[in-house]
Every structure is written in structure tokens, then in C-alpha cells.
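What follows is each chain in one-letter form.
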Amino acid sequence: MATTELYTKGACVWVPDPEAVWVSAQLLREYRPGDQQILIQHADGTETEYPVMPPSSLPPLGNPDILEGENDLTALTFLHEPAVLHNLRVRFLDYSSIYTYCGIVLVALNPYEQLPIYGEEVIDAYSGQDMADMEPHIFSVAEDAYRTMIREEKNQSIIISGESGSGKTVSAKFTMRYFAVVGGATQQTSVEEKVLASNPIMEAIGNAKTTRNDNSSRFGKYIEIGFGHKGDIIGANMRTYLLEKSRVVFQAAEERNYHIFYQLCASKDLPEFRSLKLDSAENFRYTNQGRNLHIPDTDDAVELERTRNAFTILGVQPDQQMEIFHVMAAILHLGNVNIQASGRGGERSYVDAHDRSLAIFAKLLGVEGAQMAQWLCHRRLAVGGEMLVKPMTGQQAIEARDALGKHMYEQLFTWTVQRLNSSLRAHRQQPKSYIGVLDIYGFETFHRNSFEQFCINYANEKLQQQFNRHVFQLEQEEYLREQLPWNRIEFSDNQPCIALIEGQLGLLDLLDEECKMPKGSDENWAQKLYDQHLNHSAHFRKPRMSNNAFIVLHFADMVQYECDGFLDKNRDTAFEEPINILRASQSELVAELFQKEPAGEVLPNSSLPNGSLRSGKRAHREHKLTVGFQVGVFTSYSCLSVQFRQSLQLLMETLNSTTPHYVRCIKPNDLKQPFLFDPKRAVQQLRACGVLETIRISAAGYPSRWTYEEFFTRYRVLLHGSLSTDDLRRSCQRTLSDLIPDPEQYCFGKTKVFFRAGQVAVLEKLRGDKLHAAGVLIQSWVRGWLQRKQYQKLRWAALIVQRYTRGTLARRLAWSLRYTRAALIIQKTYRMLAVRQLYLTIREAAIKIQSFIRGTQARRIYRQMLVEQAVVFLQARVRGWLARCRFRHIRGAVVYLQCCVRRWAARKELRQLRAEARSVEKYRELNKGMEVKLMQLQLRADQQARESASLRETLKAEREAYSTELEQLRSSLQKLQTQLRENVIAAPLITEKKEEERRRAEERHAQEILHLKQEIEAIRDKRDALEKEKDDLAIRLQEQEKSRQETHQQTVDEADASVRAELEEERRRYQSLLREFTRLEQRYDNLRDMSMFSNNERSRGHRRTDSSVSLEALSPVSTPFSSSPIFPSPEEVRRVSVTSPTDRRPWSSEQPMDVLMENVGVAKDTAEKMKGEDLKHAYDAVRVANKFLETQLLSQRAQWEEEISALRMKPHEARDRGDTAGDAEIKDLAEQVAVRDQECSRLRRELKELKHTVTLRRILSYAGLCLAMVESQDPSPAPEKNQMLTGLLECRKKDENKLIKNLITDVRVEVGLSLPSGLAARVLFLCIRQVDCSGDQTRVKGLCVASVGGIKNGLKKHGNDLDMTAMWLKNAYLLKDLLQQHSPRKDMKGSEELVPLVTDVQESVRALSDLCIQAYQQLLSISESRLQPIIVPAMLESETISGLSGSSVKMSSGRKRAASDPRAPAEGASMSAVLRELGALHTALSRQDLPSGLLEQAFHQLIYLLAATTLNSLLLRKDMCCWNRGLQIRYNVSLLEEWLRSRSLQTGGAVTALEPLIQVAQLLQMGKKTEADGQAMVKTCNALTNQQIVKILSLYTPQSDTEERVTLNFIRIVQGLLKVRSEGQPPQLLRDVRRVFPVTFPYQKPAPVSAAQLKIPESLKISFLRRI
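Quick caveat, the model's predicted, so the values are computed rather than measured.

What to know about helix H8 (residues 318–335)
Part 1 of the argument: With 18 residues, H8 extends 26 Å from end C-alpha to end C-alpha; this agrees with the ideal 26 Å at 1.5 Å per step.
Part 2 of the argument: Counting buried residues along H8, 13 of its 18 residues qualify, which places the element largely inside the surrounding structure.

Considering unusual backbone geometry
Part 1 of the argument: Look at Glu-153: it is not a glycine, yet its phi comes out positive at around 55 degrees.
Part 2 of the argument: Despite not being glycine, Ser-1544 has its phi angle at roughly 60 degrees, a positive value.
Part 3 of the argument: Tracing the chain through its elements places Ser-1544 in the loop between helix H42 (1523–1542) and helix H43 (1550–1553).

A short note on the confidence of the model for the chain
Part 1 of the argument: Taken as a whole, the chain shows an average pLDDT of 78; of its residues, 78% reach a score of 70 or greater.
Part 2 of the argument: The low-confidence segment residues 1163–1175 (pLDDT under 50) makes 24 contacts with residues lying over four places distant or belonging to another chain.
Part 3 of the argument: Contacts for the low-pLDDT stretch residues 1247–1284, under 50 throughout, to residues beyond four places or in other chains number 95 contacts.

Structural notes on the nonpolar core
Part 1 of the argument: Ranked by size, the top nonpolar core spans 322 residues in total, and within it Phe-179, Ile-260, Met-408, Tyr-409, Phe-550 and Leu-1379 carry the most contacts.
Part 2 of the argument: In terms of residues, this core owes the most to one element, helix H39 (residues 1402–1437), which gives 18 residues.
Part 3 of the argument: Counting 18 residues, the second-largest nonpolar core is a separate cluster that includes Phe-712, Tyr-715, Leu-739 and Phe-748.

Concerning a nonpolar patch on the surface
Part 1 of the argument: A grouping of Ile-778, Val-782, Trp-785 and Leu-786 is seen on the molecular surface, where their side chains present a nonpolar patch of about 390 Å² in accessible area.
Part 2 of the argument: Inspection of the secondary structure assignment puts Leu-786 in helix H25 (residues 759–917).

Quick word on the packing of H39 against helix H40 (residues 1471–1487)
Part 1 of the argument: Where H39 contacts H40, the two axes come as close as 8 Å, and the packing angle between them is 165 degrees. When the axis of H39 is compared with that of H40, the two are roughly antiparallel. When the axes of H39 and H40 are compared, the crossing they make is left-handed. Contact with H39, carried on its side by Leu-1419, Ser-1423, Arg-1426, Leu-1427, Ile-1430, Ala-1434 and Met-1435, involves Met-1471, Ala-1473, Val-1474, Glu-1477, Leu-1478, Leu-1481 and Leu-1485 of H40 and no other residues of that element.
Part 2 of the argument: A breakdown of the residues in the contact of H39 with H40 according to their chemical character gives 11 nonpolar, one polar and two charged.

Thresholds applied
- Residue positions are counted from 1 within each chain, in the order its sequence is given.
- Where totals are concerned, whole chains, interfaces and linings use all residues; where local detail is concerned, this predicted model gives features only for residues with pLDDT of at least 70, and gives and counts side-chain atom pairs only at 80 or more.
- Calculation of side-chain values draws on the structure's entire complement of heavy atoms; hydrogens and water are dropped beforehand.
- Per the convention used, a helix needs a DSSP run of H or I reaching at least four residues, while a strand needs a run of E reaching at least two, with both numbered from the N terminus.
- Helix span, expected: 1.5 Å multiplied by one less than the number of residues in the helix.
- Residue burial is assigned from relative accessible area. The probe radius is 1.4 Å, only protein chains are included, and a residue is buried under 20% of its type maximum, exposed over 50%, and partly exposed in between.
- pLDDT expresses, on a scale from 0 to 100, how confident the predictor is about each individual residue.
- Two residues form a contact once any of their heavy atoms are found within 4.5 Å.
- Residues grouped as a nonpolar core are buried Ala, Val, Leu, Ile, Met, Phe, Trp, Tyr and Cys residues, joined through side-chain atoms within 4.5 Å.
- Patches were defined on residues exceeding 30% relative accessible area and lacking a salt bridge, with like-charge contacts within 9 Å and nonpolar side-chain contacts (Val, Leu, Ile, Met, Phe, Trp, Tyr) within 5 Å.
- Using a 1.4 Å probe, the Shrake-Rupley method yields the accessible areas, and only the shown protein chains count as cover for residues.
- Should a side-chain nitrogen of Lys or Arg be within 4 Å of a carboxyl oxygen of Asp or Glu, the pair is scored as a salt bridge.
- Here, axes are lines fitted to C-alpha atoms. For helices the fit covers the stretch in contact, and angles between N-to-C directions go from 0 to 180 degrees.
- Here the word oblique covers every angle except those under 35 degrees (roughly parallel), over 145 (roughly antiparallel) and from 65 to 115 (roughly perpendicular).
- Note: crossing handedness is left-handed where the near helix turns anticlockwise from the far helix by less than a right angle, and right-handed where it turns clockwise.
- Ten residue types, Ala, Val, Leu, Ile, Met, Phe, Trp, Tyr, Cys and Pro, are classed as nonpolar, four, Asp, Glu, Lys and Arg, as charged, and the remainder, Gly among them, as polar.

The following block contains the structure:
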């Protein structure tokens, strides 16, 4: 109990509760010594008085909140039962963590659902890691045991215990699976698979459904997994303990018999099982008693198939399996044998001779049915030297029948275990060390406890004693290592209870003694117990209400045992006569199960115990294989308790000789509900399994342990005086006595300071008080300073306010004076304006009246003037007309008179002219000189005519212009005159009536215009609405079109992505198959070397074979497929077994191999051409394996083609069902899919040209043909064009092997690195080209094959050298491109200067392509092997930012578990080391001038491995999930990004692979309080899965007092936000570090190669080549 000073106000305490066991409460007032009660407040707010007399009854104190959910219970400040229970509940319910450390014990709670925490990526994350650094896990315990075994070369054991249904069997399976993956077997028999295959068999025959568990193990087992010198599994061995045989013949309600019986009944309709005559399980007595025949979510028929497959893997032949099933079925039929009572009082019994069940039983076992019916109802007695036959009653016969059934099942169980051990045994070498996995029953207490519970609890007493002593020993070793004064720690040793059971005259001795009595009974045995132990042993009691029971006070609980049936179960009798009948069975298995003991051993009576049916020699031999009560080592009579005690003693000796590791499985509830925690059941099991005892032992010593550096960093504020960081121990010793006066409460070790329980809490309180006082002092100074600053601010503000106030008042006075003056002016002006406005109004009214009067008068005068004017106008017109008439009359008369006078004068003149014309002379005189004048005039007239014409034209133009202008002026004048006349005419016609009509017309027109405007407005509104609707429809149509296009594009993108993903998957599978082939080829080489070594051993004087020809004939030649199939995974390929599971050698020439070759259709003639028997049979085995692979590939390819055709039919079906709009869309989609399909076909054709499978069958076949020189081809004449080629290298045929050896195989590293890039490939190509010109195609192919083989050998020789591997990668890559460039199948259009090869070298191109992939994978494997050990230390543990991790220390005990020795960190594990390894790879690739795309792919793979490994480790390490570690990770990632960008590698996906780490760093540094923080977190962390985000939040651990733990409410908020994006995400926690990205080698057109350009150094020693 902690010191009383810690019971202050507000402290958290734990008080007992009848329902929750312990509940949390808070102190409302401080406890003072002498108080009899304390006031506490519960979580629901109720206040109670808690009695605390005496002071030792103070309630336990609660741990700080920062330790809530701690992954190690021993790290808690206060170690007690409520703290343990609360921590387990928080981790189980709030964090979904089922594993928790408790010192050296792993506590595992059964979640009752499948969790994604057992994948291979989790195994990889735990492999090689320290147990103390990782989150608790069953893999962590297995890794600790494995590494301890490797490091210390000492045997280990993992002890898994718990109640039925707590998960023991599952934990044991996962442990063995971890060993199988980490220590994979090197033999072809795959021992690790056999170890895992033993689980389904043992579950079928040893597990059953109970009320507490659907798959409860009804026996204990101890599996020893043997490891070789390299840490690989080479064998295993199993021991079993205390099989519950009574379940074979009896099951309680809601329980079942063993699973195997129900599996057989469920598979009764299979053809091979019809001979068993099985029926439904409801019709068998041995399976229908529990009345619950089915297990939810379990198919018994499927489980039987798994069991049969496991038998096959373990080498049990099908006929032997059927014999086992015959015995199982016979047991079922035996239970249905009807035994009837007869005679007086039922003293006899008999079995009907026609009993169907008995007949089937006899037929299945090959025995006589009549004899079995006889001896089932009778027994033989020896009386006075004579043998008498005595009939048995009906009840006795039924008991004898059930005893026979139990005995048969027991013997079959024992035989099965022996058979498994025979298959799992290491045949070639003895294991160097082993790890034992003990899956044993936990402490059991039921309403009625019998002999089985007594043995189980006795075994748990022994295991608990061993556990307590081991924990005590570890504590002692820790104290001795730290050189502490040793004081014995008192712990509850259960030796008195064990002595009560197994001591002299103990319970077992008295039971054996009573069993030997002729008339011994359970009542007599109970009475002996009372007489011997009652009132003599503190652990033995007698029930008050019973005289046939006893009570034993075990370490876990008090258990009452009923004595009924103890003697019968201890005797475990089976009568000899039915067993003798079974010994004579025609079945070999049945006869072997019941074989007779050797002569000379006399049976004491006819009632045989279980262990006396075998000879002592055989029993001793079998005892080494399967240790249990079933097998005894004594030939004399021994009871079941004696056998169990001996096997238990042997188990304890085995465990004591190993280093134990403990796993305690806890059943959280009895309802089998997932993540439901029942505190009562949990506490009961914690007490029973010894977890609380571990806590108590730890608390009894010094549970809190700090290194001096951690203590100094944490409690430096409490240390006084001069502090020296150089000698921390002395500084701590000098000042710690002042802090803790009692020197018994602490102790100084060599490297640590140790504290008693609760003392760390005292130091925390002192530290908190000191920090609180310092905080108060700082606050006082800060508050004073703040108040002074506040006063100065207020004073300055007051002065400013006063100044502004005074100014405001002055301005306000000035404004008032101005406002008064302005008001007067406004009033004066307003009054003046009002009077003036009145005057103007009156004046305007007068003027208006005057204007109306004057207007009226003027209009009147105007109308009068108009009338007068009209009269004058009429008068003038009339007068004018009269005057004109008179004028016309006078003018006519005058004109007539003038005409008459002129006519008279004209007639007179005419007469004169006629007379003159009659005279000629006159005429001549007149015409004299007229001719000349006429000519002159004619000329002048012509000139004048011309001038006149021009003038006339000019005049005409001017006239036209003038006339046009005149017409315009006239029209304008006319318009003006018309307007004037209209005005003049209209003016006198206007009247008042017309004015009124005009006004009405205007009003009517105005109304019509207004109405029309309204209609126009309505029409306009309607038009706007229609336009708006049209726009909406257009927008909607555009949106629909856009969404349709997006959907269409998305569909096309998805189809494209699926095709590309399918292509990537095909590429990845192919390269995985290539890696597997490389491994098989290496195995074949090893086998060949071994066979050659054996031949050399047999012939000592044999001449040594030249290394240049050792591998030439066996170089690989690839075999192309017609199309690219889907290759099986390497795991599937590895599981194809081609050797017999028996003990014969894999290369022995036995008939099964020939039969297997005939079954798979492999020819036998090719291998006959090879020399050497071992090589021949190895070749046959590999050919069979390749045939299996070929069959699988073809079947998978057919399935793939069916799926593709089905996918192609889906668009057509959807098109038939869709409407018109949908048809067009589907048509477009179909066209896009067709385009993508064409593109996919093109890519597949390219893939077909680049990648093809390489099989060993074609390799060896071709090599055999080459060796035998069977195949010969006539050299085809080379084209005439080839004869003219120059610049080649000629290599004679006898020098080809020397060329390969000097140029490739035997090149030294320094010579190879000094060569120009690709020199070897260019030399080989020129040689191949020259041979091709000579026309020898066979030699061309042979040289290509030899080149491929030589490069392969070079890769194998330099398997760990980056530079040499990169060099051979470059040469293989360049040689492939050169051959592909000059291939005769390649299109040579546009390349007239290239002359194609005559020989078809496509097979060599494919072989080189595969070789490039192999070299690339080897290159990455070298880099990964160098990076793997330093990734986690560099990315997570190294302190790149100096002083970041040491700035704060978490308040914890700082204690490492004693069972986990801390490993030394990797030397030089920093970011500089990681960048140095990456730089080495980059330098090696860049030196060989490899394409940048290949570099990007390589670094994408490595960066993904780095990021995945770092993230996986972070998700499993609680100490790394903190703020400062996030800052460290971000800095390290920035270094990687900068390195990648500096080398232009950021575009190949390498930077994208770092995105999860960047988001993890952001997640660790983001706020984690509000919902807004959660939304930002979900938005930011899109590269992390939901499980990863929640896991990091739950693991987030504050490293200082300034940080806060993430609340459960915030985690639930984030989980709710993550549900939105949970669709389509894989439910994975860890990333797959084994993921391999497929590599592609782009074709690069090589530059022309000529021998004149090559500079071949003399160091290559290939001067025998001749330049042509």
C-alpha cells in the first residue's frame, strides 16, 4: 500500500463493488492519520463514507492518467488488482488491444472475432525486433523465444494456459505459424507445412464443443519444434496429456463429442464413405446426447476435407486414412449396439445376434461379431487356478461397452500422434535446439468437479509453482546483476497444496491404494481422506452437507470435488476378452492398435488398465514420441493417476531445462460476444492464472526501476546542491535521501535506482508540488508585471480620454454657437422665401387670368379677321374672273384683225418675189461670189458645229446638274409651301369641338398605348421567363452532357485501369515465377554439385573437370507460350510436391516416380541421354514439377479467357436492355472498351515478345541434345549481303568456352569495373554476328546459350556485389537489345544500313529478357538485405535532430522485462547510412549507363520497402507515436526527398511511396481535440487506411507533461468521419513489405557496333579473337 501522504483531496482511489469488482472514486477531503473514515465521490456523483480502520485498509490509489492503457502492467506506478483490471479493460474495450504484457507474461484476451493482426506483414514487422520495443503480441513472444534460442543456443518453451474458450489453441497455432514463416525449412519435404498441417488433425480428434467454447481442446499437448544450425525448422515432436476419454461415450447438455465424428457423419454421402454405413449424427448414441449437433458458421464436411488434406501432407496414405475412419465409424456403431437385460432380476444380458450395429462394427474392424457379442456381456474370472465365465448385468455390460469404446478411441488417438511424430521427425540431422509450445488446460472449477478437474488443477498447481519460482529467480538475477543487497521476497509458495496431492499418503497415494483393494469404493476413499488430512492440512477441508466430497484450497480458488467415479476413472479398466478379439482383427491398423505384450509379463487380473497393453520396450520407445498418461513405462500395474503424475513430472523436468515464456489466455465473458468485458470472470481468471501473483511478487521487491540518466532527467528539479552530469549516480545518491527519508524505500544499483511500490508516486507528488510552487511564484511575478503594465496602459488611456473629452466639449460649444447663428439665418431666409412664394403665387394667378382673357379677345378678333379675309378673297376672285373674261374677248378681236392685215401684206410680197424669180440675171448676180463664201462658211460651220457640240454637251451636263438642283430646290420649296398652306388653311378651321375631339382621341390613344405597353410588358415578362427556362434547360442539358461525359470517361478510365492492373498483375506473377525458377535452378545446381562430389569421392583418382565446360551444356533455354497466361504465385508453386513423403531419398529410382511421370504425361526418353544416375532422377523430378506448372498455367489461362469473354458480353447485354439514350452511351463505351482491348492486345503482344516462361524441361532437353549431338542442321547459305560485312570478331569453335570463361565467368571485380559499359555484350554480339555470317545456325544458338549461361554464372558468383550485378545486368540488357535489333523477324523499314541475322534468335532474346529480370531482382535483393537491418533504427530510433528526444521523458517506471534482453543497436544505423546504401545502388546503376526509367523503378521498389517497414514498425511501437517523433520522421523523409530530387528520381513513384510517412508525421503533430481537428486529419491523411489512423491515435503517447493523451471521444469522432470514406478500402493495418512491383525493360536502339571501335584490354586475355 502506498504512503498516506498521497491520499490528498482529489486523489483517485479504487473501492470494491459487488458487480464491477472495483470502481473508481475521488477523495473529497485529505486523509489524516487517525481518521476512521474518508469521504469519497463515485463516478455517478454520489458521496459515501468509506471506513479505513485500520490504516492498512485504505483503498488502493489510482494511477496517473498518462499511464492509462499502458502496454506493460509492471510499468504502472501502483501495482494492485484494480489497476491491472482497469488497464486490461481500457486496452480491450477502448483500444481494441487484446494483448498486454505483465512482466514476462503475455496476457491475451479472446476477442471472439477475427482480427487483421496475424498476416505475413505483421510477422515481418515483428521479425528481428526487440520484445520491449514492440506492441504486445503473440508474435512478440515467439520472436523473443526464437532470438533467445539463436543467441544463447538454449532450448526455449512457450507455456500457453487458460480456461476453455480463452483462445489457447488459436494462440498455439499462431505461434507455430510464426516459427514456420521465420524458420522456413530448407528441405523439399516442407517441415513447416507439416507442422501447420498437424493442427487440423489434432483439432478434429482432440477438440470438441463445450458450453464455454465451440472448439475446446480436450487434451494438453506439448509440441517441440526442432531447429537446425541456421535457425530453420528441421523437425517436430508432439506430446499429449490427459485426453478426456469420457466424452467419447457421454456429453453434457449443449455439448458435442469430438469433431471427427460429426465430420464423418456430415460426409456420409461421399462414395468412399458409403462402406462405413454412417447415418446422421442424431441417430448415434455417442453423438446425440448433447442435443446440439451443429456449430454456427462451421461446415463439418469442409472441415473433414481439411483434415484429409492435412493427413495427405503428413504422408498418411489414403488407404490408411480409410482405416482410421473405419475405426471411428466402428466406435459410433458400437455405441448403438443394443444390450438387453435377461434372467431373474436382470442379472444377465445379451446382444441380439441380428443386431445391425454389431454386424457393421464387426465388418468394419474385421472381427467375429458373435464372439464380440459374447464377450460384451460376459467376463472371465480366475478362481483357484481355474477360469470361470461370469455373465454381466445389463448396466455392467453397457459400462463394459463404453469402456471398450473409450479404449479404442484412446489407442487410435495415441497411434495418430505417433504417426504425426514419425512424419514430423527430423530424418537427416539432429536438431541443435528446439522451442516447445505447451497448450495446456487452465484451472477449472465447475458446479460438479470430478477426477478430470482434479488432474487438471493438479497440473496447474505444478505449473504455477514453476512459474512463481521462475519469476522469483528472474527478480533475484536482476538484483544480483545490479549488485543490490539481497533480501528474500516472500511469495505464496503452493508447495503445501502440491504435497497434499502428491506427497506421501497424499490424495493420489490414498487413491492408488484404494484402487488396489478388491472391494475399494469411493466412500472408503473419502473416509480415508478425512481421517488422514482433515484438521492436519490447511489446504484440505470437508464439506458441511456431504460425506462423499472433499475441498482443496488451490492457489487460485477453493474447489469441491465429488468422490463418485474417482476409482473407476483412475482404474480406467478395459476387459481383456474384447481386446483379444480386436488383436485378431483382419485389419492391420486395428491389430497394431491392440498388439499384445511380450511373454513373461503376467496380467494381474482380467481387468486391464490403460497403460499395460503394450510391451515395456515399445512403451518406452513411444514414450519418447508422445508423453502422456496413455503410455506407461512400467510393466506392472499402474493407475491413471500414477501415469499422469509421471508424465507431469517429465513435463516439469523439460520445462525446467528450458527458458520459459508465458502466455495467459483470458476469457472476457461467457456469452462469446465480441469485445464484451465481464470484470468478475476476468478477475477470477487473473487470480487463477498467476498474473496477480506476478504483480504481487514484483510489488514485494523494487517494482519501479529507473536508469540514473532517466531519473536525473525526470526529477532534476528535486535535486539540490551542485549537480554533475558526469557522475549521475553520485548526484542522485547525494540528494535522494532528502527526498525519501526511509532508506528502505529505495536502493541504488549499478546502473539503476530501485524504488519500492508507491515511491515513484511520492516523487511525482514532490515533483508536482515543486513545479506547482515554482509555477505559483512565476505566476505571481508575471501577474504583477501584467498588473503594472495594465495600470500604465489605463493611466495613459485616461489622459488620452481626458484630452479628447475636453476637445470634444470645446468643439461642442463652437458647434452650438454656429448652429444658433445658422438657425437665425435659416429662419430669416425661410420667412423671406415664404412671403416671396406667396407673392409669386398671386402674381402668377393674375398673369394667368389676364392671359386667358386676352387670349379670348384675340381669338375673337382673329376669327372676325378670318371671315373678312375670306370675303375679300371671294370678291377678288370674282372680280378677277370677270376682268379676264373681258380681256380674252378684246384680245381675240385684235388678233383676228392683225391676221387679216398680215395675210394681205404677205400675198402682195409673194407676187413680187415670183416676178423676180423669173429673171436669170438677177439670179446670177445674186449667186456671184457665193461659192467661195459657201466653202468658207462650210468650213466655219463645221468648226462651229464641233465647238457647238462640245459646248452643247457641256451645257447639257450643266443643265442636268442645274435641273437636278433646281428640282431639289423646287421640291423643298413646294414642301415648304405645302406646309405653309396647310398651316394657313388649318388655322382658320380649328374649332373648340375639334379640340375636344382631338383631346379625346389623344386620351383614347394614350389609353390604348398604355394598354399596349402593359401587354408588351406582359409579353416581355413571358419572353424573359421563357428565355430563363430555355437557359435553365440549356444549363441542365449541359450538366447532363457533362455528367454523361464524366461517367463515360470514368468508365473508360476504370476499364483502362483494370486492363493495366491486369497487365501489371500478369507481369508481377511472371516475375514471381521467374524468381521461383531461379530458386529451383539453384537447388538443382546444388544437387548436381552434390552428385558430382559423390562421384569424385567414389573415384579419387578421377581427372578434374575443366570449369569452362562445367555449366555450358546446362544453360537455360526458355520456352515461349502461345499467349501470356496468368502465372501461379510462388507460394502455390512451392507447394507442388514432386517427391514421395516417405523416408527414401528424393533421387532414388523407385516406381512412384515413374507412375507420377506417366500420370502427368512426361516423356522418359530425354533424360536417358544424360550421364549420372542422380542427375537423371533430379531431372525427372523437375520435369514432373514443370508439367504440374504447365497444367496449372493452361487451366488458369482458360479460366481467364472465360472471364474476359463474360466481361465483353456485359456491354452487349446492357445495350440490349437500355433505352435509346443509353444505347448511344453504351455504344460509345463499347467502342472505348474495344479501343482499350486493342491497346491491351498490343501490350500483350509486346509482353509476349519480352517475357516468356523458362522451364527446366526444355533446358535439359536442349542441353541433352547438344551433348549427344543428335540434332544436326544443314547450314543454310548466308545471303550474299552478309558476306560483305566487316568490323566483326571471329572466334574459333574450340575457343568459345575459353571466350565465355575469360570474358564472363572468371572476370575479376577490379577488371570488370574498369571495363567500358557493355563491352562484354558488344564482343559477344560481334562473335555471334560473325558465326551467323558463316551460316552455322546451330553454332549461333549454342553461342547464345553459352553466353546466357555464362552471365548466369557470373551473377551467381557475385551474388552479393552490387557493382558486378549491375555490370552483368547492363551486358544482358545490351545483348538482348542488339539481338532484338538484328532479329530477322524485326521490321527493317527505315533501317537499310542494318543487316538482319539469318538465324532466328528469339529464344535467346527471351532468355536474356528473363536474365535481365533475374539480375534486376538480385540487385534489389542485395540492396534490401543491406537496408533491412537499418531502416527502423535510422528512420525511427536515430536522433537526426539533436536534443529532440532528450527534451522530455515520459513518467514511467522505465523497466524492461527481464526476459527480453535488450539488443545492441545496429552500428551506424542513421539516415546517412541509408542514403549511403541508396547512393551505392545509384552509383552502380549510373556507372553502367542504364536507362533512367530502370533506375526510377528500382528506387520506387526500395523506397516503398523503406516506407512500409517504417510505417509497420511505427504502428506496433507505442513509444514512437509522439509529437517529437513525428517531427523526426518528417525531417528524415525530407532528407530522402531531397536526395531523390538531387538525382532526378522523383518522377518514378519513389516520392509518392513516401506519402504515407509524410501523413503519419503530420498526424502525430496535428491537433487532436476538436471535431475540426478530426476533419482536417481525415482530409489530410488520405494515403492511410482507417485502421492505421485509429491505431496511431490509440497509440499516441505524450512524452512530457505539456502534452495530452488523445481522448476516446476524439477517437470516436474520427472513426465516425472515417466511415464516409471506408467504402472500397482494404481492412488492413500493416502494409505488405513483400510486395514486388513488376519491372519493365524499355527497348533502346543500340548504337552501331564495330570491332574497330572496341578497345579490348589485355587483362581479359581474349587476344585469340581475330578482327574481320
